[in-house]
Amino acid sequence: MIPVCKPYLPNRTKLDAYIDSIYQSCWLTNNGPLHQQLERRLKDYLGVEHLLLVANGTLAIQIALKALNITKAVHTTPFSFVATSSAVAWEGADCVYTDICPKSWNLDPNALAASEQTKGLLATHVFGNPCKTHDIERFAKEHSVRTVYDGAHAFGSKLSSSENLWLAGDASIGSLHATKLFHSVEGGFIVFKQSEHYELAKQLINFGIGQNHVPQHVGINAKMSEFHAAAGLAVLDDIDEILADRQRVYFRYKEQLCKYLQFQDISAGVQYNAAYVPVVFPSEEVLLKVSNALSNKQVFARRYFYPSLNSLNFFSSTDYQCPNSESISTRVLCLPTYFGLEDSDIDAICQTIISTIE
Ligand SMILES: Cc1ncc(COP(=O)(O)O)c(C=O)c1O
């Protein structure tokens, strides 16, 4: 059986060494030594200053919106995982959907329309492909809109060899869920541009407790435990090999399938992490035929992200038409990709796809 993804399991001896240190310190959560170590190492690795580890990527979005005081209505993309929209709605705000670019599948900055109500923007670097952050920031500046980037898929991607994706906008979030190429089983992080938002978020994730243990805000519990930090550290030790292996898998598929199927357009100069292998079929009918042919061979591809989020009636009080997102979401399938997926399995999957569509 070949699943769409297999979580990376770090070397057991290395993981045990981190776990042993938890047994020695008897410090299980609340900013323990491993949490501090992971935070330090991630700041170095990502080249950022104000990084906060949290319990998961969904809470990361919610805390970022809260710390930036983004309320009421948020410009966002209809083509993302459901958590992008649900985090907005959970914060009591309305999703204002802007259609995506049919090639990059990211929110199209040219389609953004200013609105009185909308004081925030949440865009996803979908499948790890960086958004056009310069164009988005231009819009944000012109209309005094705060921006948050959902970088749940983007660990290891760069805007260019010199431009850091995690420094775009007012905040960016990452997910460290087990399905992500870098993970801590469950977990997430937020990178803030300004220290004041970081300091506020640090209190928000710990019940709103501030100095002298006195609550200062309505907070929540979004802390990461030492066991999760241990898993994160053990996986981070292997990150270079993990990223290199994703490239191998991605380009082996692309070489065989690009003349039959549409791949996501990655802008020139972008350093792409190849976190996923999404392919677009000419129609939903062909997608379903291929998906059935693969599952008959015990290969399980997945329909990320279907349906287009604007078609769900609980995230927004307005009906939005997003034809590009609606079209891509009915025709996109993510092919299996994970560390150690055999070349021969990739070739067999490509053969099944080609023989089904030809
Ligand atoms: C685009 C996107 N945003 C947010 C999330 C939520 O992250 P988490 O599962 O860590 O809560 C995910 C999870 O897969 C995601 O794909």
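Residues numbered from 1 in each chain as written. Predicted model: local features only at pLDDT ≥ 70, side-chain atom pairs only at ≥ 80, totals over all residues. Heavy atoms only, no water.

Draft legend 1. Structural context of a nonpolar patch on the surface. Taken together, the side chains of Tyr-23, Leu-28 and Phe-227 present a nonpolar region at the surface, about 350 Å² in accessible area. For Phe-227, the position within the fold is in helix H7 (residues 226-236). (Patch = residues over 30% accessible without salt bridge, like charges linked within 9 Å, V, L, I, M, F, W, Y side chains within 5 Å. Areas by Shrake-Rupley, 256 points an atom, 1.4 Å probe, with all protein chains shown as cover. Salt bridge = Lys/Arg side-chain N within 4 Å of Asp/Glu carboxyl O. Helix = DSSP H or I, 4+ residues; strand = E, 2+ residues; numbered from the N terminus.)

Draft legend 2. How the structure looks around the pattern of salt bridges. Taken as a whole and judged by the stated rule, the model has 11 salt bridges. Notably, a salt bridge pairs Asp-135 with Arg-138, separated by 3.3 Å at the nearest N-O pair. With Asp-135 and Arg-138 both in helix H5 (residues 133-142) and 3 residues apart, the pair spans about one turn of that helix. On the accessibility criterion, Asp-135 (27% relative accessible area) is partly exposed. Judged by its relative accessible area of 46%, Arg-138 is partly exposed. (Buried < 20%, exposed > 50% of the residue type's maximum accessible area, 1.4 Å probe, protein only.)

Draft legend 3. A look at unusual backbone geometry. The amide bond that connects Tyr-304 to the next residue, Phe-305, takes the cis arrangement and shows omega of -10°. Mapped onto the secondary structure, Phe-305 falls in the loop between helix H9 (284-296) and helix H10 (323-331). At the junction of Tyr-306 and Pro-307, the peptide bond is cis and its omega measures out at -5° in the coordinates. Mapped onto the secondary structure, Pro-307 falls in the loop between H9 and H10. Positive phi, normally seen in glycine, also occurs at Asn-31, with a value near 55°. Inspection of the secondary structure assignment puts Asn-31 in the loop between helix H1 (12-25) and helix H2 (33-46). By relative accessible area, which is 38% here, Asn-31 ends up partly exposed. Phi angles above zero are rare outside glycine, and Ser-144 is one such case at about 50°. Within the secondary structure, Ser-144 sits in the loop between H5 and strand S5 (146-150).

Draft legend 4. Spatial organisation of the domain arrangement of the protein chain. One can read the domain layout of the protein chain as domain 1 (12-236) and domain 2 (239-357). Averaged C-alpha coordinates put domain 1 and domain 2 at centres separated by 24 Å. Every contact between the two is made by 41 residues of domain 1 and, on the other side, 37 residues of domain 2. Surface buried jointly by domain 1 and domain 2 totals about 3,500 Å² across both partners, of which 61% is contributed by carbon and sulfur atoms. Considering only the side of domain 1, the residues that lose the most area to domain 2 are Trp-105, Phe-127 and Leu-181, jointly responsible for 22% of the buried surface there. If you look at where domain 1 meets domain 2, you find 0 salt bridges. Remark: the boundary between domain 1 and domain 2 carries 20 residue pairs in polar contact (both at pLDDT 80 or more). For the side of domain 1 that touches domain 2, the secondary structure elements donating two or more residues are helix H4 (82-90), strand S3 (94-97) and H7. (Domains from an automatic or database assignment. Contact = heavy atoms within 4.5 Å. Buried area = accessible area lost by both parts, 1.4 Å probe. Polar contact = N/O pair within 3.5 Å; in protein donor to acceptor, adjacent residues only side chain to side chain.)

Draft legend 5. Representation of the pairing of strand S9 (residues 277-280). The alternating pattern of S9 places Val-277 and Val-279 and Pro-278 and Val-280 on opposite faces, both of which are buried. Relative to S9, strand S8 (residues 262-263) is paired through 2 bridges, and the arrangement is antiparallel. Considered in S9, the bridge of Phe-263 is made with Val-279. Here S9 runs beside strand S10 (residues 332-335); their pairing, made up of 4 bridges, is antiparallel. Bridge assignment links Pro-278 to a residue of S10, and that residue is Cys-334. (Pairing = 2+ DSSP bridges.)

Draft legend 6. Quick peek at H10. Every buried residue belonging to H10 is among Ser-325, Ile-328, Ser-329 and Arg-331, and all of these are buried. Contacts made by the buried residues of H10 are with S8, S9, H9 and S10.

Draft legend 7. Local environment of the side chain of Thr-76. In this structure, Thr-76 sits in strand S2 (residues 73-76). Every residue in contact with Thr-76, bar those within four places of it in the chain, is listed here: Thr-84, Cys-95, Val-96, Tyr-97, Thr-98, Leu-107 and Leu-122.

Draft legend 8. Here's a closer look at the packing of aromatic side chains. For the coordinates displayed, the defined rule picks out 19 aromatic pairs. A centroid spacing of 5.1 Å and a plane angle of 55° characterise the contact between Trp-166 and Phe-189, whose relative ring orientation is tilted. With Trp-166 in the loop between S5 and strand S6 (171-175) and Phe-189 in strand S7 (residues 188-192), the pair connects residues that are 23 residues apart, well separated along the chain. Each member of the pair, Trp-166 as well as Phe-189, carries the same accessibility label: buried. Judged by centre distance (4.9 Å) and plane angle (75°), the rings of Phe-314 and Phe-315 are edge-to-face. (Phe/Tyr/Trp six-rings, centres within 6.5 Å; stacked < 30°, edge-to-face > 60°.)

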